[in-house]
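An overview of the molecular structure
Residues per chain are reported as follows:
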Amino acid sequence: MAMPSFLLRPTVLLLSGVGISLCGRAQTPSDTSTVLSEARVEALHLSASQRSAVPLQHFDSTALMQLGVSTTADVVRHFAGVNLRDYGGAGGLKTVSVRGLGASHTVVSYDGIVVSNTQSGQIDIGRFPLSQLSDLSLRTADASALLCPVREQGNATLSLQSIELSRKTVGPEGNLRLQTGSFGQFNPTLWLTEHTSARHALSLMADFHYAKNEYPFRFENGVATHTEKRLNSRLRDTTVELNDKADLGSYGTLQSKFYFSNFNRQLPGPVIYYVQGNHERLHERHAFVQSRWNVGGQKWKAYLAGKAAWGESKYEDVGGQYPGGALRQNYRQREVYATGGASYRWKNWEGALATDYTYADLSSNLSVDNDVARHSLLASGSLRWQPANFNLTLRLLSATYWNQSAGAEGAQNFSHLSPSLSFGWTILSRPRAHTLLRAHYKDFFRAPTFTESYYYHLGSTDLKPEKTRQIGLGVSQQWQPADKWLLSFSVDGYWNRITDKISSIPYNLFVWRTVNLGNVRAEGLDISGRTEWSVRSKHRLILHANYSLQQTRDYTDPARATYKKQLAYVPLHSGAAALAWENPWVNVSVSLQASSMRWATNEHTFSTETAGYAEWSINFRRNLTLWHQSLSLSLDVQNIFHKQYCVIRRYPMPGRAWKASVAWNF
Amino acid sequence: MLKLLRNTSFALLAGLMLTACNETDDWHGTFANTEGALIVNQGNQYDGIAGTLGLLDTQTLTYTNNIFEDVNSQSLGDTPQNVIVHGSKVYIPVFGSNRLWVLDKKTHRILRPIDTNQPEWVEGYKNYVYVANNDGFVTRIDTVTWAQTRLAVGPNPAGLTIARGALYVTISDGYNYTNGYVNGKKVVKVNLDGFIIEKEIPCGLNPGKIVSNTSGQIFLVARGNYKSATDPDRVPSVIQYIDASDNIGPSSSLASNGFTNGIDLTASDNYLYVINGGTNSDGTTASFEYKVFNTYGLGLMTDSKFTVADRPPYPTGIFIDPVTSLVYVTSDPGVNGYNQQGSVWIFNYDGTLIHHFNAGIHPFAIAFEHGSITL
């Protein structure tokens, strides 16, 4: 007797990485005498954001396209709880603060290994062109993965993932992309991958970005408004990457990267009354090689990773006021980093141990600076209890820092223990609905940077680490009201305390010093939501929106005018939204970023008020095949209503601008 | 209470403003008086806050914070350093904006903007004003034709004063701190007839503000190397003087008298006022001391009332009105208040507090508008 045969044909409703509904339908066999009844399997595909016990926001490559943005900074604005300091234009410094903690608390990791800047402690995310990235995520309060490098277990981590080498077929593939736009932008990118076998791939990425960047802006002076140009803004950036990814079978995976960048930038500086132009330049070169080996199965996992990094920054300002007619400050920093860890799962329990060692040093051409170095040893132990619908994670992190300064007193050595606790409770789990309640507590710190400890006159070797305590509570929900409609949102509240805040203050009339001074309280609400609606066949609408309430106030001294006032440049309200229409012709995305007014100083006076803004942009994109070649076309019109505004006073943002790109995929 | 304070202050001010023109007891005649005090609020260029020019009406004690923009409908610019009244005009060097403003003294309307590189200080003498440019020059500007002449004086000139018919320029070489300010440490004396350097007078490390009185006495601040008090290589900020033979002081006897330490100063014919201090090592409090010396023997006045508690929280400058002998101190609101609304404090010559009021952000310099009254 012939066995009844049937074919379960899954119908996958792809919901852009956020939700997948699996449907199966029994087929009528041609020779059957038995007809099976229809079987339908439904389950929401939960993204990592929806499963994480700590707030995690994530955009994969599809979601990035739907946002319709063209820079990494623009993507970051679509994360809730973020405050992006943007000094304007393609070459302007862009740093990320999360939940009122300051940019030095935000860790940036690139392909799984932390990018460091021991000199200033802040990473310019403008260094990472969006064209090289396939995935961005922001994790707040703690690492969601139990096993990860200790440096990623800090207050907030922005993870950048370069384009994945995922294809398993042997042979070359590549992408040549040419982007041009307003203000003399010219940005070719080449990405070549050679799959030497199904288990091994090599890739080369080369990116060149030139922009004259002299965009016009309006500047108010009394009752008059002048139109001026940002002069001395040219950037000439080159980035080259070599990536190697090997699947070692039962021995795990090995991923390695060599990175080199050469950034040559003129600095326009702040807008100064009655003065046009500037003479400052910054030439930065960075190189690193990093490698990460992951291995493991269902029960145990382990990893080893290492990195050697070198960076050079050459600052120059030309002017008759300087000896020899120019100020030249050259800094070199080097870093060696190693990390390793393992985890084991037993029933509902999982434990992990990880440790990091870092050696970093900094030297300069200035006779008043000493060569300084720091050894740091971090270790963490983590334990997770994960019965059905519940997980509780305990983590204890130990950090020890040893500082050295050649020929002079080094900064204070110190040790710090940082406990953290987080739990996630799935209070609703239905085929079409999922609700997670989560909470966390974290005690953490940041070490003083080399600049804060040693910079001539400004630095102080007596500094203690800046400490933070965080408490958060949130809910994350995803549901599918109809077959063609998916909704997800999360609401997270937090309560942060910062003590021993590291600040620079005037020591006397002439010179400043850096001290541990000040207490800050940050309370806020992060709300993000996303909905997708398949209007009809091949037509989808996707809306992503976020809103941040950040009340970040000074609690240092009741006698001060700044007491209980919002910190400078932290907006009370901010948010972003993007609406995408996917269709067979031209995909369209409209995006908005907005912020309420801010203050330029911690004291709130009329002269320090900085206006809020709302910037709208639109993006058109189309994939097509011409002469058997796959092409991707994109056109952005940024700031379509030509809004004149500053994120940081005196650093105007560009007005209306366009950007067009064509990519040839081969 | 406020009205009483104001009336009392006004009466005291008015009384002090009446400076006799002769030595008889005849109070009839024409007397110099002070009509207003122009206050430069430096703002904060880093925080994007432009400077302002405030005006205190010394008759009514009313203060207008932004008289420049009120009158001229445009900004004063970034980081104004100083203000002087010379003849019928007001001159304001604005460092960040590379500009010297020339205003009408009565109306405060702009008469002329003059482009000049990084002006640090300005002084007037006869038909000229002299500007210290941070790029190593003093610019002489004819106040009739506005013709400019530049004279190279040395790296980073920081202060100017005119005394005994000559211009004295402090040369700090402040941007050369990595080499110990090696090309500074001097005061350049400029002959005003030929506008040439007459001599160089060695002085302490990193000289800055320099003042003189009508008696021709010259005092300056040598700011040292700013190192902390515990640093063995510290060179402290000291007050020095230049005697009639252009020799630098103080003598060792004066140094032992506690004369030397100070970060700012001002001088009248009779008194030299010195402020010393700064932020304490705790980073949250500040300590300042005021010393008053008589200018005849440079002896310390022990009966100064500047020692009482009700003092400016974080002084940024000290100035004296030569007509009334009132001492004005500009101040930030406290430690780390550099970008916040400051205040101005007015004292009698002996340190008795008369009045204080809120000014703009980081008040930094004062000039006095004088007129005359006939009784």
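Attention here is on the structure that accompanies the text.

Further remarks concern the overall build of chain A. Tallying secondary structure elements over chain A gives four helices and 39 strands in all. Scaling as 2.2 N^0.38, a compact globule of 666 residues should have a C-alpha radius of gyration of about 26 Å, and chain A matches this with 26 Å. Seen through its C-alpha atoms, chain A measures out along the principal axes to roughly 100 × 55 × 50 Å. Taking the contacts inside chain A whose residues are at least 6 apart along the sequence as the reference set, 61% of them involve residues at least 24 apart. As presented, chain A carries roughly 28,500 Å² of accessible surface, and 60% of it is formed by carbon and sulfur atoms. If you average the places of the 68 positive and of the 51 negative side-chain charges in chain A, the two averages end up 4 Å apart.

Each helix and strand counted, chain B has three helices and 26 strands in total. A compact globule built from 375 residues would reach a C-alpha radius of gyration of about 21 Å, and chain B, at 20 Å, matches this within 12%. Seen through its principal axes, chain B has C-alpha atoms that stretch 55 × 50 × 50 Å. Out of the 375 residues belonging to chain B, those deemed buried represent 58%. Side chains of chain B carry 23 positive and 33 negative charges; the gap between the two charge centres is 3 Å.

A few words on the pattern of salt bridges. Residues and elements named next belong to chain A. Under the defined criterion, the tally for this structure stands at 38 salt bridges over all chains. Its salt-bridge partner being Lys442, residue Asp142 comes within 3.7 Å of it at the nearest N-O pair. Of this pair, Asp142 sits in the loop between strand 8 (133–140) and strand 9 (156–162) while Lys442 sits in strand 24 (residues 433–446), placing them 300 residues apart in sequence. Under the relative-accessibility criterion, Asp142 is labelled buried at 4%.

We now examine the sheet that holds strand 11 (residues 148–152) of chain B. Residue and element names in this part refer to chain B. Pairing is antiparallel in the open sheet, where four strands are placed in the order 8-9-10-11. Looking at strand neighbours, the two that pair on one side only are strand 8 (119–125) and strand 11, the edges of this open sheet. Taken over all neighbouring pairs, the strand axes of this sheet differ in orientation by 20° on average, direction set aside. Here strand 8 pairs with strand 9 (residues 128–133) via six bridges, running antiparallel. Bridged to Tyr125 within strand 9 is Tyr128.

Here we come to the sheet that holds strand 8 of chain A. Residue and element names in this part refer to chain A. Spatially, five strands are ordered 3-8-9-6-7 in an open sheet, and the strand pairing comes out mixed. The two strands at the open ends of the sheet, each matched to only one other strand, are strand 3 (56–59) and strand 7 (113–115). Strand after strand, the sheet turns through a mean of 25° between neighbouring axes, direction not considered. Of the pairings in the sheet, the one linking strand 6 (residues 106–110) to strand 7 comprises three bridges and is antiparallel in character. When the sheet's bridge partners are listed, Tyr110 is paired in strand 7 with Ile113.

Cut-offs used in this document
- Residues numbered from 1 in each chain as written.
- Chains lettered and ligands numbered in written order.
- Predicted model: local features only at pLDDT ≥ 70, side-chain atom pairs only at ≥ 80, totals over all residues.
- Heavy atoms only, no water.
- Helix = DSSP H or I, 4+ residues; strand = E, 2+ residues; numbered from the N terminus.
- Rg over C-alpha atoms; globule rule 2.2 N^0.38 Å.
- Contact = heavy atoms within 4.5 Å.
- Areas by Shrake-Rupley, 256 points an atom, 1.4 Å probe, with all protein chains shown as cover.
- Lys, Arg positive; Asp, Glu negative; His and termini not counted.
- Charge placed at Lys NZ, Arg CZ, Asp CG, Glu CD.
- Buried < 20%, exposed > 50% of the residue type's maximum accessible area, 1.4 Å probe, protein only.
- Salt bridge = Lys/Arg side-chain N within 4 Å of Asp/Glu carboxyl O.
- Pairing = 2+ DSSP bridges.
- Axes fitted to C-alpha atoms, helices over the stretch in contact; angles between N-to-C directions.

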